[in-house]
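Inside the fold
The lines below spell out each chain.
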Amino acid sequence: QNLLSPWLPSQGLCMIYSARGLGKTWLALEIAYAIASGGSFLKWEAEFPQEVLYIDGEMPLSLMQKRLSIIESSRGKNITNRLKFLSPDVQEFGIPDLSSKDGQEKIDNLTSDDTKLVVLDNLSTLIRSGKESESDSWLPVQEWLLRLRSQGKSVLLIHHAGKGGQQRGTSRREDVLDTVIALRKPEYYRPESGTCFEVHFEKNRCLGHEETKPFEAHLKYHYKNELVQAVDWECKSLEDSKYEKVCNLANEGLKQCEIVKDLEIHKSTVSKYFKRGKEEGLIKVQTN
């Protein structure tokens, strides 16, 4: 049984990481909501509603509540009491260091047999002892994750990428993980695109090629009186995304050679997309 098919299994240990500001928390919240409601998100689907404990170490509680309210109004699913939050804003002494035995025991006391997923968002704020780059510093956390797995729980780790683009700190974190997903900024990303990233499966167990193909996800906001009232996600393959961008630039009046330079893709690819765009009526201006 999967909590979220096809990549988040029951008793699974998984990680999502990316550079700062790319949309990790929006993604993690949507995943938590989909599992708690038994719904779907992007290309993934929850098989049954399950109880989720979301431990946030960074965001203000008011902002998390606002985002969850927007998601709930957008999805319209009933989650009753299946999605629970632990936020430092409402703890007298903050959230304990989860690399310590005492901190782990406090979290264990908040879970029950019904808790099937624990989300840790994010490792930098919740794991505060030892050095990120030292593999031995990770062992106490790894042992705790394995204990949670043995108790029938899955854990989703949210983490930052380092300057080189890989997950920050020791690679030993990935040894026991079933799935590692990297969120990357599209090569031709523009700031006006808002929350937009590519989803890449870097590690997976028992998933087929089609299930792990990278794709692009784009968060769209819907406003009322200048306030965000609802959100939805546009999901497309990287091939379709690239094709759409070529068509848009062509309609803005750019020539093929200019698009090659702007998007940094091969001229034969641009030529192929131009021909297809004209045939499908997506390129409406005269181009060379």
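Criteria and thresholds
Residues numbered from 1 in each chain as written. Predicted model: local features only at pLDDT ≥ 70, side-chain atom pairs only at ≥ 80, totals over all residues. Heavy atoms only, no water. Helix = DSSP H or I, 4+ residues; strand = E, 2+ residues; numbered from the N terminus. Buried < 20%, exposed > 50% of the residue type's maximum accessible area, 1.4 Å probe, protein only. Contact = heavy atoms within 4.5 Å. Areas by Shrake-Rupley, 256 points an atom, 1.4 Å probe, with all protein chains shown as cover. Lys, Arg positive; Asp, Glu negative; His and termini not counted. Charge placed at Lys NZ, Arg CZ, Asp CG, Glu CD. 1 Å grid on protein atoms, 1.4 Å probe; cavity = no way out; pocket = protein on both sides within 12 Å on 5 of 7 lines; lining within 4 Å. Points joined across faces, edges and corners; volume = space filled by probe spheres on them. Nonpolar A, V, L, I, M, F, W, Y, C, P; charged D, E, K, R; others polar.

Helix and strand content of the chain: eight helices and 13 strands. By principal-axis analysis of the C-alpha atoms, the chain measures approximately 70 × 45 × 35 Å. The 288 residues of the chain split such that 47% are buried. Residue pairs at least 24 apart in sequence account for 67% of intrachain contacts in the chain once pairs closer than 6 positions are excluded. Counting every atom, the chain has about 14,500 Å² of accessible surface; 46% of that belongs to carbon and sulfur. Considering the chain, the positive charge centre built from 40 side chains and the negative charge centre built from 42 side chains are found 4 Å apart.

This part takes up the layout of surface pockets. Size it by volume and the largest pocket reaches roughly 340 Å³. As for the largest pocket, its lining consists of 18 residues, of which Y188, R190, S193, K245 and N248 are closest to the centre. Elements with a minimum of two residues in the lining of the largest pocket: β12 (215-224), β13 (227-237) and α6 (238-251). Take the lining of the largest pocket: its biggest share by element is four residues, from α6. Here the residues of the lining of the largest pocket sort into six nonpolar, three polar and nine charged.

Secondary-structure assignment places H200 in strand β11 (residues 196-203). Note on H200: relative accessible area 14%, which makes it buried. Setting aside residues no more than four positions away along its own chain, H200 makes contact with V180, I181, A182, R184, P214 and L238.

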